[in-house]
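# Summary of the model geometry
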Amino acid sequence: MSKTVMIVEDNELNMKLFHDLLEAHGYHPIGTRYAREGLLDPTVPNYPVFNPGYSDANSQQIWGAAEADVIKEGMTPQAAAEKALKRIGQILAKYPIAES
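Anyway, here's the lowdown on the structure attached to this text. Only a predicted model underlies this, so the values are computations on that prediction, with no experimental measurement involved.

## Comments concerning the pairing of strand E1 (residues 4–8)
Bridge analysis of E1 against strand E2 (residues 28–32) gives 5 bridges, and the strand direction is parallel. Of the residues in E2, the one forming a bridge with Val-8 is Thr-32. Remark: the E1/helix H1 (residues 12–24)/E2 crossover connection has right-handed handedness.

Structure below.
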């Protein structure tokens, strides 16, 4: 029995690529273009489904940069954490949460 995997992707070519790749590895992919549909299915969505700002912040490796500030720059852990949280706040502000 193959495992079912949900793909939330609005780009048709990416959707086909992920679908074909997962299917080739024995999974049963189900595709949707909208995050809301991803939330209504009987699965637990990843946090980027709720707000793409999480993916944006993750891709910028903000916590890794905070660690580097402490190690290389001699910044205190508290100051590095505050700097990282401020940057994350700036990123999330670009992606307001819509009221339903």
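## As for helix H4 (residues 62–73)
For H4, every residue scored as buried is listed here: Ile-62, Ala-66 and Asp-69. In an axial view of H4, the angular spread of the buried residues amounts to 55°, which keeps them on one side of the axis. Exposed residues pointing more than 90 degrees away from the buried face of H4 are listed as Glu-67, Ile-71 and Lys-72. On its buried side, H4 packs onto helix H3 (53–59) and helix H5 (77–93). Where H4 terminates, the next one or two residues include Gly-74, which has phi positive at roughly 75°.

Definitions and cut-offs
Residues numbered from 1 in each chain as written. Predicted model: local features only at pLDDT ≥ 70, side-chain atom pairs only at ≥ 80, totals over all residues. Heavy atoms only, no water. Pairing = 2+ DSSP bridges. Helix = DSSP H or I, 4+ residues; strand = E, 2+ residues; numbered from the N terminus. Right-handed = clockwise from strand over helix to strand, strands pointing away. Buried < 20%, exposed > 50% of the residue type's maximum accessible area, 1.4 Å probe, protein only. Arc of directions from axis to C-beta. Contact = heavy atoms within 4.5 Å.

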